[in-house]
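# Overview (structure and organization)
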Amino acid sequence: MRRLLAVSIVAASFAVALASCELTSQRILVWHDWPDPEAQVLIELLEEYSELNPNLRLIIEYVPSSELESRFAAEVESGFGPDVVVGVDADRLADLVAADSVRPITVDQSVGHGFDQLEVRAMQVMAIEGEQHGVPLAGFTDVLYFREGIEPPESLDSVIELAEAGYSTGIPVDFVGAYWGVDAFDGTVFGADDALAPDEGFVGWMNWILEARPQPNVILGGDYETLRESFARGRIDLFVGSSRELGKFRSELGVSEAASGPESGEGAATFGLTTLPGGTNLAPGGFLEIEGMVANRHTDNMAESLALMEYLTNVPSQGRIARSGLGRIPINDSVAIDPTISPVEAALLRQQRRSVVLPRVFEENLAGLTDLGDEIYLQVARGLLEPAEAGAVLRARYDSIAGEIDD
Amino acid sequence: MTEDGQGDQLMVIVDRALVFLGRTEVVEQLVALAAVLVVSRFASRAFWWVIDSRGGLRRSRGLTPRRAGSGILSRLVDLIRAASAPTIGIVLATVVKREMAAAGRVTGLLEELIGVFVVLLVGEMVMTILTGGLDPEEGRRHRRRFFKPLIAIIVGLMVLDHLADVGRLAGATAFEAFGSPLSVGALFVATLGIWFWTDAINLMNTVVVDFVSKHTNFNDGSAEATLLLVRYALILMGITYGVGQLQLDPSTVAAITGGLSVGVGFGMREVLGNFISGSFLLFERSLRPGDIVELDGQMGTVERLTVRSTTVRTIDNEEIVVPNQRFFTGSFKTFTGTDEKVRFNVVVLANCENEVERVRGVLHEVASSHPEILDEPRPDAWVEDRFGNNVVSYRLNMWSASPLAIPRLRSDVVRLIWIAFHEADIALVFPDMELHFNDSAGAHLPAAAAAPLSAVISPPASTGEVLASLSPNVVGATQKEMSS
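Residues numbered from 1 in each chain as written. Chains lettered and ligands numbered in written order. Predicted model: local features only at pLDDT ≥ 70, side-chain atom pairs only at ≥ 80, totals over all residues.

## Points about the overall build of chain B
Per the secondary structure count, chain B includes 17 helices and eleven strands. A burial count over chain B gives 21% of its 484 residues as buried. Within chain B, contacts between residues separated by at least 24 positions form 65% of all contacts whose residues are at least 6 apart in sequence. (Helix = DSSP H or I, 4+ residues; strand = E, 2+ residues; numbered from the N terminus. Buried ≥ 20, exposed ≤ 12 C-beta atoms within 10 Å, placed from the backbone. Contact = placed C-beta atoms within 7 Å.)

## Notes on the overall build of chain A
The helix and strand inventory of chain A stands at 16 helices and 13 strands. Counting only contacts in chain A whose residues sit at least 6 apart along the sequence, the fraction spanning at least 24 positions is 72%.

## Quick look at the interface of chain B and chain A
At the junction of the two partners, chain B supplies 23 residues and chain A supplies 20 residues. Mapped by element, the contributors of at least two residues to the side of chain B that touches chain A are α1 (9-21), α2 (24-53) and α4 (108-131) of chain B. In terms of residues, the side of chain B that touches chain A owes the most to one element, α1 of chain B, which gives nine residues. Within the side of chain B that touches chain A, the residues separate by chemical class into eleven nonpolar, five polar and seven charged. (Nonpolar A, V, L, I, M, F, W, Y, C, P; charged D, E, K, R; others polar.)

## A closer look at the environment of Ser84 of chain B
Residue and element names in this part refer to chain B. Within the element layout of this structure, Ser84 appears in helix α3 (residues 71-102). We classify Ser84 as partly exposed; it has 19 C-beta atoms within 10 Å. On a C-alpha basis, the gap between Ser84 and Ala43 in space is 9.5 Å, while along the polypeptide they are 41 residues apart. Setting aside its immediate chain neighbours within four residues, Ser84 contacts Ser44, Phe47 and Trp48.

## Remarks on the environment of Ser40 of chain B
Residue and element names in this part refer to chain B. Tracing the chain through its elements places Ser40 in helix α2. Using a count of 22 C-beta atoms within 10 Å as the deciding quantity, one classes Ser40 as buried. The spacing of Ser40 and Thr87 is 47 residues in sequence and 8.7 Å in space, taken between C-alpha atoms. Not counting chain neighbours up to four residues away, the residues in contact with Ser40 comprise Ala85, Ile88, Gly89 and Leu92.

## A word on the nonpolar core
In this structure, Val30, Val84, Val85, Tyr145, Ile209 and Met293 of chain A are the most contacted members of the largest nonpolar core, which totals 111 residues. Of the residues forming this core, the biggest block, seven residues, is contributed by helix α8 (residues 200-212) of chain A. Contacts of Val84 of chain A, omitting those with residues within four sequence positions, involve Ile28, Val30, Met293, Ala295, Ser305, Leu308 and Met309 of chain A. In terms of nonpolar packing, the next biggest core, distinct from the first, is built from 21 residues, Leu363, Ala381, Phe421 and Val429 of chain B among them. (Core = buried A, V, L, I, M, F, W, Y, C linked by C-beta atoms within 7 Å.)

## Quick notes on the packing of α2 of chain B against α4 of chain B
Two packed helices can be described by the angle between their axes and the distance between those axes. Residue and element names in this part refer to chain B. Look at α2 against α4: their axes get within 9 Å of each other, and the N-to-C directions meet at 30°. Here α4 runs roughly parallel to α2, going by the angle between their axes. α2 and α4 meet at a crossing whose hand is right-handed. Mapping the contact onto sequence places Gln29, Ala32, Leu33 and Val36 in α2 and Leu109, Leu110 and Leu113 in α4. (Axes fitted to C-alpha atoms, helices over the stretch in contact; angles between N-to-C directions. Parallel < 35°, antiparallel > 145°, perpendicular 65-115°, else oblique. Left-handed = near helix turned anticlockwise from the far one by under 90°.)

## Observations concerning the sheet that holds strand β2 (residues 56-62) of chain A
All names here are of chain A. Read from one edge to the other, the open sheet built from six strands follows the order β2-β1-β3-β12-β6-β13, with strand pairing classed as mixed. Edge positions in the sheet fall to β2 and β13 (329-330), since each of these pairs with one other strand and no more. Across five bridges, the pairing between strand β3 (residues 84-89) and strand β12 (residues 289-295) is antiparallel. Bridge assignment links Val85 to a residue of β12, and that residue is Val294. (Pairing = 2+ DSSP bridges.)

## With respect to helix α12 (residues 356-369) of chain B
All names here are of chain B. Taking 1.5 Å per residue, 14 residues should reach 20 Å; α12 reaches 20 Å between its end C-alpha atoms and fits that length. Residues Val359, Val362, Leu363, Val366 and Ala367 constitute the buried set of α12. Projected down its long axis, α12 carries its buried residues within an arc of 135°, all on one side. Turned more than 90 degrees away from the buried face of α12, the exposed residues are Glu357 and Ser369. (Expected span 1.5 Å × (residues − 1). Arc of directions from axis to C-beta.)

## A few points about unusual backbone geometry
Residue Pro37 of chain A is bonded to the preceding Asp36 of chain A through a cis peptide linkage, with omega at 0°. Positionally, Pro37 of chain A belongs in the loop between β1 (26-32) and α2 (39-52). Geometrically, the link from Glu376 of chain B to Pro377 of chain B is a cis peptide bond, its omega value of -5° lying close to zero. On the secondary structure map, Pro377 of chain B appears in the loop between α12 and β9 (380-386).

## So, the packing of α12 of chain B against helix α13 (residues 406-423) of chain B
All names here are of chain B. It is the contact of α12 with α13, at a shortest axis distance of 10 Å, that shows an interaxial angle of 135°. By the angle between their axes, α12 is oblique relative to α13. Considering the relative orientation of α12 and α13, their crossing is right-handed. Contacts between α12 and α13 involve Val362, Leu363, Glu365, Val366, Ala367 and Ser369 from the first element and Val413, Leu416, Ile417, Ala420 and Phe421 from the second. Its residues assigned to classes, the contact of α12 with α13 comprises nine nonpolar, one polar and one charged.

## Comments concerning the sheet that holds strand β9 (residues 218-221) of chain A
Paired through backbone hydrogen bonds, the strands of a sheet run either parallel or antiparallel to each other. Residue and element names in this part refer to chain A. Ordered in space as β9-β8-β10-β7-β11, the five strands form an open sheet in which the pairing is mixed. In the strand order of this sheet, the two ends are held by β9 and β11 (271-274), each with one partner. If you compare each strand with its neighbour and ignore which way they point, the axes differ by 30° on average. Bridge count between strand β8 (residues 169-172) and β9: four bridges; the pairing is parallel. Paired with Thr169 across the bridge in β9 is Val218. Sheet strands in contact with helix α10 (residues 245-253) are β7 (142-147), β10 (238-242) and β11, and its direction is about 160° off that of β11.

## Remarks on the pairing of β12 of chain A
Residues and elements named next belong to chain A. Within β12, seven of the seven residues are buried, leaving the element largely enclosed by the surrounding structure. Here five bridges tie strand β6 (residues 135-140) to β12, and the two strands are oriented antiparallel to one another. When the bridges of β12 are listed, Ala138 appears paired with Glu291.

## Some thoughts on the confidence of the model for chain A
Taken over all residues, the pLDDT of chain A has a mean of 84, while the share at 70 or more is 84%. This model gives residues 260-267 of chain A a pLDDT under 50, and the stretch forms 19 contacts once residues within four places in sequence are excluded. (pLDDT = per-residue confidence, 0-100.)

## Re the confidence of the model for chain B
Predicted coordinates in areas of low pLDDT are best not read in detail. All names here are of chain B. For chain B, per-residue confidence averages 78 on the pLDDT scale, and residues scoring 70 or more make up 81% of the total. The low-confidence segment residues 445-484, where pLDDT is below 50, has 47 contacts with residues more than four positions distant or belonging to other chains. For this predicted complex, the interface score ipTM comes out at 0.75, alongside a pTM of 0.67.

## Notes on the pairing of strand β2 (residues 180-183) of chain B
Residue and element names in this part refer to chain B. Both strand β1 (residues 173-177) and β2 contribute to a ladder of four bridges, which runs antiparallel. Within β2, the residue paired with Phe175 across the bridge is Leu182. A loop of two residues connects β1 with β2, the two strands running antiparallel in sequence, and Phe178 in this loop sits at a positive phi of about 55°.

## Structural notes on helix α9 (residues 224-232) of chain A
Residues and elements named next belong to chain A. Three or more residues of α9 are buried, namely Leu227, Arg228 and Phe231. All buried residues of α9 project into a common sector of 100° when viewed along the axis, lining one side. Tucked inside the fold, the buried residues of α9 contact β7, β8, β9, β10 and α10.

## Let's talk about the environment of Ile209 of chain A
Residues and elements named next belong to chain A. Summarising the element assignment, Ile209 is placed in helix α8. Taking C-alpha positions, Ile209 is 10.0 Å from Leu156, a pair spaced 53 residues apart along the chain. Once residues lying within four places of it in the same chain are set aside, the contact partners of Ile209 are Val173, Leu220, Val380 and Ala381.

Here you go:
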């Protein structure tokens with residue numbers, strides 16, 4: 001009797017809730033990993049989209065970044081999970097595809113811009129073996145942060161000059177974080193077949209590291225977090241770091257409105273950011289990290305999900321995301337930012353267009369390569385390895401690892 | 001559109017349910033899951049119905065009585081019976097899952113169902129082992145109050161985990177109390193959490209007491225008192241933790257409870273008095289479960305000792321609930337305070353023509369021959385008095401290890417004395433009766449009373465009848481009473 005009563009109460013509650021729902025509405029469950037206050041701009045965009053589509057009901061849920069992909073994969077395994085996930089890191093896409101969690105994107109189904117306006121490299125990052133499995137939403141790349149009152153250096157030589165003048169610069173020297181330095185000497189570490197093949201540019205970069213090493217105000221560190229913390233606490237004046245740090249620096253250091261130098265007056269910045277300093281190439285780029293969107297393999301709202309992705313990647317939405325000041329760089333090629341109005345965002349966009357996409361082969365097959373690269377960098381920075389030898393050692397180690405994998 | 005609003009969590013759950021119910025993969029799995037549940041339940045019942053109807057394996061406790069002398073076998077049968085439904089469920093779910101996977105269907109929910117069956121299987125086994133030695137009703141009570149709701153909550157949370165963000169739901173504010181927002185999770189811990197904790201502690205307490213009393217020589221009264229203290233300490237810890245989860249504003253709570261305390265103090269004075277008395281009784285250990293006490297002339301065993309009252313079971317199997325204050329503030333007789341040995345006696349009236357030492361020797365022999373009468377202190381027969389009418393009174397003092405055995409021992413001794421005196425040719429004193437009838441009154445007597453004397457007052461037909469007519473501790477006392 002009591003059991004019957006309990007079941008009746010639950011059923012009645014569910015029926016009441018069901019009755020108050022609009023059963024005719026289409027429902028899309030969206031997960032995202034943007035924490036507060038970053039999420040504000042995303043929530044606003046989704047709410048606006050919902051208003052534009054009154055028959056669509058969006059259920060938006062935040063999932064911490066560290067759990068996003070794993071929870072999504074686990075839910076999909078049982079047929080559950082959100083229709084759309086916003087915030088998937090491109091380097092984790094392969095795992096989701098391997099777990100058969102995501103549905104390939106068929107561009108023909110699109111009802112809007114068809115993703116034609118999106119940067120080709122970013123789209124390629126969200127594709128695996130030629131099949132599009134996700135849509136890019138925003139990018140991150142390395143930039144140069146500088147403290148108020150400092151004229152940011154345009155070249156690596158200027159970095160050393162600033163150091164001699166007493167301004168300290170923190171440069172993380174790990175394989176991924178310091179790749180921009182190779183590009184600064186017109187080099188690459190990837191051969192034609194995406195194999196690791198450090199060239200003369202790599203040697204030039206290693207030589208610069210060796211040249212800068214005796215200079216106490218050029219801090220070549222392997223620990224990214226320590227350097228980041230040093231800049232946030234005012235211990236160093238310049239810092240090469242990810243554009244992801246912009247939002248944090250703004251809350252920690254103050255509002256930034258300058259790209260080429262901090263402004264004065266009300267709302268003045270205590271720091272600014274600019275493009276990375278160059279060597280023989282004055283417009284170097286770092287690696288491009290892509291944050292994307294994927295659709296659940298089981299969704300029965302694929303068309304609606306695609307439409308939502310298109311909305312978030314259209315020019316107005318991308319402009320809003322770019323101007324949110326969180327370091328997210330638009331991946332829609334049609335987005336134009338006026339440097340006089342939004343100098344920071346314009347600098348970010350400039351830097352992103354110079355950035356390099358890490359070949360997927362390195363992400364998928366040679367995760368240990370970054371450790372190897374980090375070790376080589378540190379050995380050069382400490383003077384334990386000659387720059388001319390570094391490329392050869394890296395190549396030899398890579399060949400050894402690749403050989404083991406092939407076997 | 002639904003976002004982080006805390007008031008419409010139920011709507012979010014319904015919305016999510018509608019999203020998922022629109023997916024073929026989910027509906028397919030739910031149908032398969034329901035089929036597995038129904039079939040496994042009925043298959044288990046049908047299996048045992050067939051076995052039982054053929055007079056097969058019987059339950060040790062519960063629905064059918066335990067077979068005499070088959071303890072381990074019965075426990076095994078209980079375990080098999082408890083494990084049968086989940087095991088059938090596991091097998092069935094595995095088969096269905098394999099078939100669905102082979103057909104390329106999604107099987108995650110069936111995987112979870114197998115997990116639930118495994119939890120159920122382990123839980124059933126543990127509960128059967130734990131409650132196997134208990135009173136069947138006690139075992140059923142713990143299943144009903146603890147195990148089944150626990151399983152229901154685990155399954156409920158697993159289902160809810162798919163329909164809602166359980167973490168966020170737990171953090172949502174249910175309502176405000178004392179100026180502090182109370183989250184759903186904190187309320188859950190402070191209510192159901194404390195409920196399960198208390199019941200789990202009670203279950204473990206019952207099991208340990210049962211084990212200690214059956215399998216060890218440890219004084220179970222002391223063990224039970226110790227366990228009672230541990231139990232209350234653990235329950236108090238649980239309540240403190242549960243209430244602490246509510247994170248009520250301490251200053252507000254202190255102000256409100258301070259104001260209430262005066263009124264509550266007056267209203268609940270007796271309750272608090274009993275509570276404090278119970279706590280002292282437990283800590284002083286002046287009264288323990290298993291103690292034999294005398295209350296209002298009734299002897300009984302202390303069954304339960306709680307912080308409010310003490311339950312005493314009398315020899316007549318009556319339960320007397322006594323407020324603890326009575327034990328704490330008044331005096332009571334305990335037979336088991338420091339020593340359970342109790343002295344008792346039987347008074348025998350014998351003819352003075354019997355040799356006194358011979359009578360004493362027979363009485364000693366009787367007392368010594370009974371296995372339950374202690375040898376140390378030794379039984380002793382005292383000559384109490386010497387009356388006229390050829391009567392000598394003897395008091396046989398004996399010691400028993402259990403106060404509750406005294407009435408039975410006394411009966412045994414009286415019976416043995418009767419036989420021993422008869423065999424030793426020792427004459428007991430029989431009643432001499434002198435009846436006077438008034439002729440005028442005799443006319444109004446009923447027919448039976450007017451019958452010849454020999455027919456109305458018959459000598460006892462047997463020894464048993466004589467003993468039955470005697471006061472339990474005075475052999476031959478009738479003469480004294482009747483002649484007086």
